Every structure is written in structure tokens, then in C-alpha cells.
Amino acid sequence: MNKCQKCNREIQGNYCSHCGHPQQLERINSKYILSEIGEVLNLQKGISYTIKELLVRPGKNIRQFIHEDRNRLVKPILFTLVCSLIYTLFVQVFHFKDGYINFNYDDWSGSATSTIFHWISENYGYSNILMAVFVALWIKIFFRKYDYNFYEILILLLFVIGIEMLMFAFFGALESLTQMQVLSFGVNLALLYVFWAIGQFFEKRKIWNYVKAFFSYILGMLTFVLVATLLGLFIDLIK
């Protein structure tokens, strides 16, 4: 009888009955590599299905993810990272900038503030994830009567920002390929989607929720910019 290489128990068959470890690992080949890529992208659990559901019924699907079923949609952190990676790759290939956060580097040349905002402008995908923390704080304030904690609101934003990044990538690529000025329209459409998705998450029939979603996002973005500016000034002061 062979022994399991993981738990050292005896194995009868191809797998260990105690821990499930295979008696012999498959050789690493092209099939294995493709399988690993598929797992990273979570294709088996339906990234295309997740995108479709978040575009059509974001509020309902995210509520179901939080309260009922966490297997229907791709996990939010992985989903956002994949969407941000897609956005970054599209920027590198098609050479566009959505530019909805503008900063004049000339007035701050050589400062830490300039460096920080340069990073933000070159890494919108990842900076949007950071900005989600500040937006979540404002959503918690504006929607405090609803029984959602900060982390559940952050899950909402990770899903929504993932779709926002994909919309930026799509319209950026479309503008680069067709030379039609559609990116600014895409940015506005993506922002409208964010306000709509947040409002729908809480109570879609209440118009006031969409207004609060708008102010939550705008104030969160402004707070993010303010914190980035103060951090740069603080670093310059220490230097």
C-alpha cells in the first residue's frame, strides 16, 4: 500500500480517503497551465455571467451575494483585480487615458504630491480600488439607516468598480480604433452606472437613494484626492 505524501496515511486508490490528496500529481504541461489560468480568471465560475448580471441587475445580484449565495458570482476582490488588469492592459495596448481626475504637474514639479498624482493618473485601475474605501465611508454615512456594515458596502463597490473599469477599457479601445471621440461619453456613462448600481442596491424605487449615491461617490472621490494631496504635502514637509 502507498502512503499519502500529504498526511502520511495509507492510500487505497487514486486519492487519499482522509485528505483527498491524489496519489500521484499530474505532470505540468500545457493543459495544466491553461487550467491554472482559468482558475485565476475564475472562468469556471462564470466571469462573463458575473459581468452580465452586474450590468443588468447589480443591486439584486450583489444583495444575493451578501445574504444568500456566494457561488453564483466571481469573488469580488478577484473580480476587481481582473477587471483592473484588463483595464491596465487596454491602456498599454491602445494608449488612452480616461482622465476624470486631472492634476497640473507643472505647479508641483518634483514634489511628493506630483509623484502621488502621477501614479494615480497612470494607475486608475488600482487607485479606484483605493478610492472605494473613501466612497464606502460616505455611503455608510448617507445610508446609515440600512443594516450594512462597512465591509459589505466595500463588496458592493468592488463589484461596481470592476464594471466601471471594463466600461472605461471598452470605450477607450473603441476611441483608439475608430478615432471617434467616445471615451468622454464612456466615462460619463460609467459614472452614471455607478450611481445607478449603488442606488439600486439599497432600494431601487427610491429616487432619493440615487441622489445620495451620487453625493457619496463624489464626496468619496474628493476625500481621496484630499488625502492624497495632504499625504504628499506631509512627505514634502518631512523632506
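See the structure printed just above.
The sections below set out a description of the structure shown in this document. (Residues numbered from 1 in each chain as written. Predicted model: local features only at pLDDT ≥ 70, side-chain atom pairs only at ≥ 80, totals over all residues. Heavy atoms only, no water.)

## Focus: the overall build of the protein
Assigned secondary structure in the protein consists of nine helices and two strands. Listed N to C, the secondary structure of the protein is β-β-α-α-α-α-α-α-α-α-α in terms of helices and strands. Taking all 239 residues of the protein together, the buried fraction comes to 43%. (Helix = DSSP H or I, 4+ residues; strand = E, 2+ residues; numbered from the N terminus. Buried < 20%, exposed > 50% of the residue type's maximum accessible area, 1.4 Å probe, protein only.)

## Describing the packing of helix H4 (residues 76-94) against helix H6 (residues 124-142)
Where H4 meets H6, the closest approach of the two axes is 8 Å, and the angle between their N-to-C directions is 145°. Only Tyr124, Gly125, Tyr126 and Ile129 of H6 make contact with H4, whose side of the interface consists of Thr80, Leu81, Ser84, Leu85, Tyr87 and Thr88. (Axes fitted to C-alpha atoms, helices over the stretch in contact; angles between N-to-C directions. Contact = heavy atoms within 4.5 Å.)

## A word on unusual backbone geometry
Although it is not a glycine, His95 sits at a positive phi angle of roughly 55°. For His95, the location among the structural elements is in the loop between H4 and helix H5 (112-122). For Gln179, which is not glycine, the phi torsion reads 65° and is therefore positive. With respect to the secondary-structure elements, Gln179 resides in the loop between helix H7 (150-178) and helix H8 (183-203). Assessed through its relative accessible area of 61%, Gln179 is described here as exposed.

## Some remarks on a nonpolar patch on the surface
Nonpolar side chains collect at one region of the surface, where Ile77, Leu81, Leu85, Leu89, Trp119, Tyr126 and Leu130 lie side by side and expose about 640 Å² of accessible area between them. Listing elements by their share of the nonpolar patch, those giving two or more residues are H4 and H6. Tracing the backbone through its elements, the reader meets Tyr126 in helix H6. (Patch = residues over 30% accessible without salt bridge, like charges linked within 9 Å, V, L, I, M, F, W, Y side chains within 5 Å. Areas by Shrake-Rupley, 256 points an atom, 1.4 Å probe, with all protein chains shown as cover. Salt bridge = Lys/Arg side-chain N within 4 Å of Asp/Glu carboxyl O.)

## A few points about the environment of Leu183
With respect to the element layout, Leu183 can be found in helix H8. Owing to a relative accessible area of 5%, Leu183 belongs among the buried residues under this scheme. Through-space distance from the C-alpha of Leu183 to that of Phe170 is 8.7 Å; in sequence the pair is 13 residues apart.

## Focus: the nonpolar core
Counting 59 residues, the largest nonpolar core has Ile198 and Phe202 as the members making the most contacts within it. Only helix H2 (47-56), helix H3 (58-67), H4, H5, H6, H7, H8 and helix H9 (207-238) provide two or more residues apiece to this core. In terms of residues, this core owes the most to one element, H7, which gives 16 residues. (Core = buried A, V, L, I, M, F, W, Y, C linked by side-chain atoms within 4.5 Å.)

## Brief notes about the pattern of salt bridges
As a working rule, side chains carrying opposite charge can pair if their charged atoms are close by. Following the criterion strictly, the structure yields three salt bridges and no others. Ionic pairing is found between Lys52 and Glu53, a salt bridge with its closest N-O pair at 2.7 Å. The buried category is assigned to Glu53, whose relative accessible area is 4%. Here the residues in one salt-bridge network are Lys52, Glu53 and Arg57, joined through shared partners.

## Details of H6
Its 19 residues place the ends of H6 25 Å apart at the C-alpha level, agreeing with the 27 Å of an ideal helix rising 1.5 Å per residue. When the local axis directions of H6 are compared, the greatest deviation, roughly 25°, occurs at Leu130. Within H6 the residues assigned to the buried category are Tyr124, Gly125, Ser127, Asn128, Met131, Ala132, Phe134, Val135, Ala136 and Ile139. Looking at the buried residues of H6, the elements they touch are H4, H5, H7, H8 and H9. (Expected span 1.5 Å × (residues − 1). Bend = angle between axes of the 7 residues up to and from the residue.)

The quantities given are spatial measurements derived from coordinates; they are silent on function.
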